[in-house]
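Below, each chain spelled out in residue letters.
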Amino acid sequence: MDRRKGRELLLIGFTLFSMFFGAGNLIFPPGIAARAGTMTWAAMAGLAVSAVGLPVLGVVAVARSGGLDALGGRVHPAFARIFTILAYLSIGPCLAIPRTASTSFETVLPLVGDAARSPSLIRLVYSVVFFAAALCLALRPEKLTDRLGKIMCPVLIGLIVVTFAGCLAAPLPGYGPPSAGFENAGRAAAAGFLEGYQTMDTIAALVFGIVISLNVRARGVTDENEVVRTTARAGVVAGGMLLVIYSMLAHIGALSGGAFPGAANGAGVLTRIVSALFGPMGSVLLAAIFVIACFNVCVGLISSCGEYFAQICPKLSYRQWAVVFAAVSLLLANAGLDRILAFSVPVLNAIYPVAIVLILLSFADRWLAGRDRVYPVTILFTGAASLLFEAGRLAGIGFLQSFPLAEAGLGWVLPALAGLILGLFLSRGQGCHNEKRSDPHA
């Protein structure tokens, strides 16, 4: 029985890993490592905090809280609804879902030869097939463990391991020297943290919980406490897998940076070394990795968004919402992605700090019991600061960059701490008072 439970947990963890691991997760680690060179593992330590640690904490926080709506409700019911809708739309049809098709298409385009002369038509055909296939899997969200966990995830990991093994077997010269910004371990770790921060997986962690819980129940788990525990454990399993795969990709990237310096980004880093190791078949291998990774994420996002919007707007069924999101994403991937990116990226940058602070506060509930002003005041300060700094970035307001940590994209940290302190001050006596009231012997 224990062996069966362990196997089921591993499959659910594989499913969650598949939903996390998209194009950005593929290109960030090798891109960082190519620039970090001999400081690769310091940079990876920073990336592990923001691109593994925070997403895992997000999954656990949502599981323990009973959903993103419940977690946001600790601030205010209106905030919970608005924030949750923004999170689902931003990480779903307004940004990440269309990008899964457009990004993977870029790796397929070089393989089509003369047909690439009319890329718009090829993109349309590719995206229709891509979203139709993703929709077919997403229409049965409770089956994702059987389809992503059992099939797609092992194939993806196998292809990455093949690439990693090729690097181990090849007589490459080794890691190159660190570039600017990675000169020592401290700077490399900070740079890695900020790069991982940009994967936006912490937002994804908040929205994937709904589908993972559904898959846990589909495996025969009926007790709600056990559903929460299994979902949280699956998050830890997925985080461990992310860390292992990121380490493989970092080694590949560091070797590529040493042997073939000058690549513009992580995709270029991977392209150079895979082509050198595997020849013409390298392009096919890399395209397969990107397509499968993006496809898995697309399925997960359509499922998560469909489940949520079917709950808050049941006039459309889950399947109808899934079709709507797939159709909208198809249009954006072919026609208006650049414009929607111009809107969605600032929204993501504005809500991401709020998501981080919500998650961290949820793990302090034991000490915040009864102090009901901490959540709203801390989130108010965090949200106001993140909006201000993002507006300043868009408007080119230079003096805002002189604020502590602003240049690193973390200008919201000190306002968040100030909000926490003020919230605790305003809640003086609440915790003790409520604890006494809840004690029948008081």
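Residues numbered from 1 in each chain as written. Predicted model: local features only at pLDDT ≥ 70, side-chain atom pairs only at ≥ 80, totals over all residues. Heavy atoms only, no water.

Q: Could you clarify how one ought to interpret the overall build of the protein chain in this entry?
A: A tally of regular secondary structure across the protein chain gives 18 helices and zero strands. Taking 2.2 N^0.38 as the reference for a compact globule, 442 residues should give roughly 22 Å; the C-alpha atoms of the protein chain span a radius of gyration of 22 Å, in line with that estimate. For the protein chain, restricting intrachain contacts to residue pairs at least 6 apart in sequence, the fraction spanning at least 24 positions comes to 80%. Of the accessible surface of the protein chain, which amounts to about 19200 Å², a share of 67% is contributed by carbon and sulfur atoms. Considering the protein chain, the positive charge centre built from 31 side chains and the negative charge centre built from 21 side chains are found 3 Å apart. (Helix = DSSP H or I, 4+ residues; strand = E, 2+ residues; numbered from the N terminus. Rg over C-alpha atoms; globule rule 2.2 N^0.38 Å. Contact = heavy atoms within 4.5 Å. Areas by Shrake-Rupley, 256 points an atom, 1.4 Å probe, with all protein chains shown as cover. Lys, Arg positive; Asp, Glu negative; His and termini not counted. Charge placed at Lys NZ, Arg CZ, Asp CG, Glu CD.)

Q: For this particular structure, what's the right way to read the nonpolar core?
A: Looking at soluble globular proteins, one finds that nonpolar side chains tend to be buried together. Phe17, Phe21, Phe83 and Ile160 are the most contacted members of the largest nonpolar core, which totals 133 residues. Once residues within four sequence positions are removed from consideration, Ile160 is found in contact with Phe21, Leu26, Ile245, Met248, Leu249 and Ile289. (Core = buried A, V, L, I, M, F, W, Y, C linked by side-chain atoms within 4.5 Å. Buried < 20%, exposed > 50% of the residue type's maximum accessible area, 1.4 Å probe, protein only.)

Q: Can you walk me through empty space enclosed by the protein in this structure?
A: Under the defined criterion, the tally for this structure stands at one cavity of 30 Å³ or more. Put simply, the largest cavity is a space of about 60 Å³. Lining the largest cavity are Leu26, Ile160, Thr163, Leu249, Ile252, Leu270, Val274, Leu286 and Ile289. Counting residues per element, the ones that place at least two in the lining of the largest cavity are helix H8 (144-169), helix H11 (224-259), helix H12 (266-278) and helix H13 (280-312). (1 Å grid on protein atoms, 1.4 Å probe; cavity = no way out; pocket = protein on both sides within 12 Å on 5 of 7 lines; lining within 4 Å. Points joined across faces, edges and corners; volume = space filled by probe spheres on them.)

Q: Help me out: how do you make sense of the packing of helix H10 (residues 201-218) against H11 in this one?
A: The contact between H10 and H11 brings their axes to 10 Å, and the two run at 130 degrees. In terms of orientation, H10 and H11 fall into the oblique class. Relative to H11, the crossing made by H10 is right-handed. Side by side, H10 and H11 meet where Asp201, Ile212, Ser213, Val216 and Arg217 of the first sit next to Glu224, Val227, Thr230, Thr231 and Tyr246 of the second. Taken together, the residues of the contact of H10 with H11 break down into four nonpolar, three polar and three charged. (Axes fitted to C-alpha atoms, helices over the stretch in contact; angles between N-to-C directions. Parallel < 35°, antiparallel > 145°, perpendicular 65-115°, else oblique. Left-handed = near helix turned anticlockwise from the far one by under 90°. Nonpolar A, V, L, I, M, F, W, Y, C, P; charged D, E, K, R; others polar.)

Q: What is the right way to read the side chain of Glu307 from this model?
A: Its location among the elements puts Glu307 in helix H13. No salt bridge is formed by the buried Glu307. Its closest oppositely charged neighbour is Arg217, at 8.3 Å. Leave out the neighbours within four places in its chain, and Glu307 touches Pro141, Ile210, Val211, Leu214 and Tyr318. (Salt bridge = Lys/Arg side-chain N within 4 Å of Asp/Glu carboxyl O.)

Q: What am I meant to see in the side chain of Asp201 here?
A: Here Asp201 shows up in helix H10. For the buried Asp201, no salt bridge exists, and the shortest N-O distance to an oppositely charged side chain is 7.9 Å, to Arg99. In this structure the side chain of Asp201 is engaged in a polar contact, spanning 2.7 Å, whose partner is the side chain of Asn25. Beyond its immediate stretch of four places on either side in the chain, Asp201 contacts Phe20, Asn25, Ala51, Pro55, Tyr246 and Tyr352. (Polar contact = N/O pair within 3.5 Å; in protein donor to acceptor, adjacent residues only side chain to side chain.)

Q: How should I be thinking about helix H9 (residues 185-197) in this particular structure?
A: The α-helix advances 3.6 residues per turn, and as a result positions three or four apart in sequence lie on the same side. Across its 13 residues, H9 extends 18 Å between first and last C-alpha, which sits within 8% of the 18 Å expected from 1.5 Å per residue. Regarding H9, its N-cap is Asn184, as a side-chain oxygen of that residue lies 3.2 Å from the backbone nitrogen of Gly186 further along. (Expected span 1.5 Å × (residues − 1).)

Q: Just checking my understanding: could you explain the pattern of salt bridges for this structure?
A: Opposite charge on two side chains permits pairing when their charged atoms draw close. Under the definition given, this model contains nine salt bridges. A salt bridge links Glu226 to Arg229; its shortest N-O distance comes to 2.8 Å. Note that Glu226 and Arg229 are positioned in helix H11 at a spacing of three residues, about one turn of the helix. Residue Arg229 is classed as partly exposed on the basis of its relative accessible area, which comes to 39%. Each of the salt bridges in this network shares a partner with another, and the network as a whole consists of Glu226, Arg229 and Arg233.

Q: Looking at this model, I keep getting lost on the confidence of the model for the protein chain. Mind explaining?
A: Caution applies to low-pLDDT regions: their predicted coordinates should not be interpreted in detail. With 93% of its residues at a pLDDT of 70 or more, the protein chain has an overall mean of 86. The spread of mean pLDDT over the elements of the protein chain runs between helix H18 (residues 430-438), the lowest at 48, and helix H17 (residues 413-426), the highest at 94. For residues 435-442, every residue scores under 50 in pLDDT, and the model assigns this stretch two contacts once sequence neighbours within four places are set aside. (pLDDT = per-residue confidence, 0-100.)

Q: Just to check I follow, could you spell out the packing of H10 against H13 for this structure?
A: Helix-helix packing is described using two parameters, namely the angle between the two axes and the distance between the axes. Packing of H10 against H13 brings their axes to within 8 Å, and their N-to-C directions diverge by 90 degrees. As judged from the angle between their axes, H10 and H13 are roughly perpendicular. Across the interface between the two elements, Val207, Phe208, Ile210, Val211 and Leu214 of H10 pack against Gly300, Leu301, Ser303, Ser304, Glu307, Tyr308 and Gln311 of H13. Tallied by class, residues from the contact of H10 with H13 come to seven nonpolar, four polar and one charged.

Q: What is the right way to read a nonpolar patch on the surface from this model?
A: Among the surface-exposed residues, Leu121, Leu124, Val125, Val128 and Val129 lie close enough to one another that they form a single nonpolar patch of about 430 Å² accessible area. Overall, Leu124 belongs to the partly exposed group, its relative accessible area being 41%. (Patch = residues over 30% accessible without salt bridge, like charges linked within 9 Å, V, L, I, M, F, W, Y side chains within 5 Å.)

Q: Can you walk me through the environment of Trp321 in this structure?
A: Following the sequence through the fold, Trp321 ends up in helix H14 (residues 318-362). Residues Trp321 and Gly13 lie 308 residues apart in sequence; the distance between their C-alpha atoms is 26 Å. Discounting residues that sit within four places of it in the chain, Trp321 has contacts with Gly306, Phe309, Ala310, Cys313 and Leu316.

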